[in-house]
Structures are given as C-alpha cells and as structure tokens.
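If you want the building blocks of each chain, they are given just below.
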Amino acid sequence: MPELPEVEAVCGKLRAEAAGAPVRRLVIQRRRITSPDDPARVEAAAAGRTLDAIDRVGKNILLRLGPVTLHAHLRMTGNLCVIPDHRLRPAAASAWFELACGRGIVFEDPRGLGTLRLLDGPLPGLGPEPLDPGFTAERFVAAARASRQPAKLFLMDQRKVAGIGNIYAAEALFHAGIDPRRPIGRIAPRRLAALHAVVVRVLNDAVQFAYITYSRPGGFREADDYTPAVYGREGESCVACGTPIRRVAQGGRSTYFCPKCQR
DNA sequence: CTGCCCCTGTAA
DNA sequence: TTACAGGGGCAG
C-alpha cells in the first residue's frame, strides 16, 4: 500500500493521536520483523519510554523514544495505527505497543514483509525528500542527466529521490508525457524540469488524499483513494486520448503507460 | 541489468 | 492453479 503520501498520512495520524504517549511495553508477535535484530532487545529498548516524536524519511518511519529510535518500514501491506484498546488488536498484528493509557499502536501487516528495527545513526543511502525545499529542479535535472536508468526506475530508486514507488512513478511520468522506458539521462533538461514539477505536484495531491482517507475513523477507505490515470489500467482507455493503456515489466514490476501520450 | 527471495491474500 | 500485489535486499 504505502508510498510517501500514505506513509506521511500514517505518521500524521500517529502524531495527532499518540505523540508524547508513555509506552508501557512493546510486543513483537512476528519475530521476523526485527531481523536481524533480536526481538527481545527491541522490546526491551522500547519498554517504559515516551513516544516523543514520529518522523518520516522517504517511506521510512522513525519512532523517537527518548534515546532510542525505532525504524519502521511498512513494505507492501504494513500499517501503523492507534487503537482504543491494545487487547482489541487485529489478527494480522506483527507487533504492538501497549500505551500507559491502555490504548495500542499496532503494526498491522497481513503479508508480513514490514520491518521494525533499532536504528543508530542516520538512514543510509537515501536521496532528497521530494517535498522539501532542498529538492530543486536544478538538483533533480543534474542527477537525472548523470543516470542512464530508464525513467521509471530512476524515479523509484530511493537513492535518487526518496519515497516514490510504483504508482506515483507511473502517474508522474504520464502527467509529464514521458515514456517510462526511456533512459532518463537522454531527456532534454527542460522536460526534466517539467517532470520535477510534476513529481512534486503528484505527491502533494496524493498526500492530501491520503490525509483525508486516513483521518477518518476506520482508516483507509477504498472509495476515497487516489484515482490513478494509468496505474492498474492495462487495456483501458487513456483519460487524455483514448488509446489503450499498456503494461510492461521493469525491474520485475509492472509499469503502466499510454503509448501515445508518453514519448 | 535479471531473477529470486521474503510472505500472504486475492483475483482471474 | 497461476499470476500478481503501492517494497527492497541479495546473488549472479
């Protein structure tokens, strides 16, 4: 589920509901999520701390617990949410925090690919935050011109830009009119500058959607989710020209695009 | 670069 | 039954 916009909404909701909350203890249910950390060590590190802050870096969530930082990554199907009673957690809980007030923060993850580890030091290898002022067109164009990756793989490369995933990479390239297979370094700087602006706009729009969706009781609601122009629409008509949307594989994952609008 | 792995649910 | 899923790390 989550790319930068959804992770941001998860963090925003956690901040609104649980920032400053004392943590009685942390329970690791699915041992694999702390790998290679020892689950008992992660549990012990969090017990009795206060959840001082919740930070997002790309798709990563940093839970600040006094001197301890826990690094959560939701991968494909993870979610972090506050529940009124920690005993009433969902079956797919990989881990949960029991707060002093009796509420819980649940790491729910049906597929179990998400991770929750101890972090010391900064997260390595992440590119600029696309919604921060430091993400300028100049820097983006320079990085792009130095790369020979296909445009979509470049956008999804967390070392180039942090937080973009399969959906928003495809959506940004559609709105910029760029073929996702095209080597990004061979695109004219002026078109790359346009892509930069589109990336920022697409992500900002998606953050708005995600906040609306996640701020409701019950959390995520399908009907209110962002409606993609190309993602997941293989064979359907392009919203701009009516041409059937195509699907190709890139980096082992599906890419959707309009062969007429995107060159 | 490709392919495989992690794991489970869901749809064709 | 197979394919695929909004992620990422690894080996070849």
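Computed from a predicted model, the values in this text were never measured in an experiment. (Residues numbered from 1 in each chain as written. Chains lettered and ligands numbered in written order. Predicted model: local features only at pLDDT ≥ 70, side-chain atom pairs only at ≥ 80, totals over all residues. Heavy atoms only, no water.)

1. Focus: the pairing of strand β3 (residues 60-65)
β3 sits mainly inside the fold: 5 of its 6 residues count as buried. Two strands pair when backbone bridges link them, and strand β2 (residues 51-57) and β3 are joined in this way by 6 bridges, in the antiparallel orientation. Residue pairing across strands places D55 opposite L62, the latter belonging to β3. Once β2 ends, the chain turns through 2 residues before running back antiparallel as β3, passing G58 with a positive phi of about 60°. As paired elements, β3 and strand β4 (residues 68-73) share 6 bridges and run antiparallel to each other. Paired with I61 across the two strands is A72, which belongs to β4. Joining the antiparallel neighbours β3 and β4 is a turn of 2 residues, in which G66 adopts a positive phi near 60°. (Buried < 20%, exposed > 50% of the residue type's maximum accessible area, 1.4 Å probe, protein only. Helix = DSSP H or I, 4+ residues; strand = E, 2+ residues; numbered from the N terminus. Pairing = 2+ DSSP bridges.)

2. What to know about the domain arrangement of chain A
Often, the extent of an interface is quoted as the loss of accessible area upon association of its parts. According to the domain assignment, chain A contains domain 1 (4-118) and domain 2 (137-257). For domain 1 versus domain 2, the separation of C-alpha centres amounts to 28 Å. Contact residues are listed per partner, giving 13 residues for domain 1 and 15 residues for domain 2. In total, about 1100 Å² of surface goes out of reach between domain 1 and domain 2, with carbon and sulfur atoms giving 66% of it. Of all residues in domain 1, P5, E6 and K59 give up the largest surface area on contact with domain 2, accounting jointly for 41% of the area buried on that side. At the boundary of domain 1 and domain 2, one finds 0 salt bridges. Counting every contact that joins domain 1 to domain 2 gives 4 residue pairs in polar contact (both at pLDDT 80 or more). Looking at the side of domain 1 that touches domain 2 residue by residue, the class counts come to 5 nonpolar, 3 polar and 5 charged. (Domains from an automatic or database assignment. Contact = heavy atoms within 4.5 Å. Buried area = accessible area lost by both parts, 1.4 Å probe. Salt bridge = Lys/Arg side-chain N within 4 Å of Asp/Glu carboxyl O. Polar contact = N/O pair within 3.5 Å; in protein donor to acceptor, adjacent residues only side chain to side chain. Nonpolar A, V, L, I, M, F, W, Y, C, P; charged D, E, K, R; others polar.)

3. What about the protein's contact with DNA strand B?
Around DNA strand B, the neighbouring residues are R30, R32, P110, R111, L113, P150 and L153. Among the atoms of DNA strand B lying within 4 Å of the protein, the sugar-phosphate backbone contributes 68%. One of the side-chain nitrogen or oxygen atoms of R111 is found 2.8 Å away from a base oxygen of DNA strand B. Here the surface near DNA strand B is composed, by residue class, of 4 nonpolar, no polar and 3 charged. (Near = heavy atom within 4 Å.)

4. Let's talk about the layout of surface pockets
The space that makes up the largest pocket amounts to roughly 460 Å³. Forming the walls of the largest pocket are 19 residues, and the residues nearest its centre are P2, K59, R75, M76 and R253. Secondary structure elements with two or more residues in the lining of the largest pocket: β4, β8 (115-119) and α5 (166-176). Split by residue class, the lining of the largest pocket holds 7 nonpolar, 7 polar and 5 charged. Both domain 1 (4-118) and domain 2 (137-257) contribute no fewer than three residues apiece to the lining of the largest pocket. (1 Å grid on protein atoms, 1.4 Å probe; cavity = no way out; pocket = protein on both sides within 12 Å on 5 of 7 lines; lining within 4 Å. Points joined across faces, edges and corners; volume = space filled by probe spheres on them.)

5. Regarding the protein's contact with DNA strand C
Surrounding DNA strand C, one finds 21 residues, the nearest of these being M1, E6, Y231, R253 and S254. Protein-proximal atoms of DNA strand C, defined as those within 4 Å of the protein, fall in sugar or phosphate at a share of 55%. R253 is positioned with one of its side-chain polar atoms (N or O) 2.4 Å from a phosphate oxygen of DNA strand C. Side-chain polar atom of Y256 to a phosphate oxygen of DNA strand C: 3.5 Å apart, as the coordinates give it.

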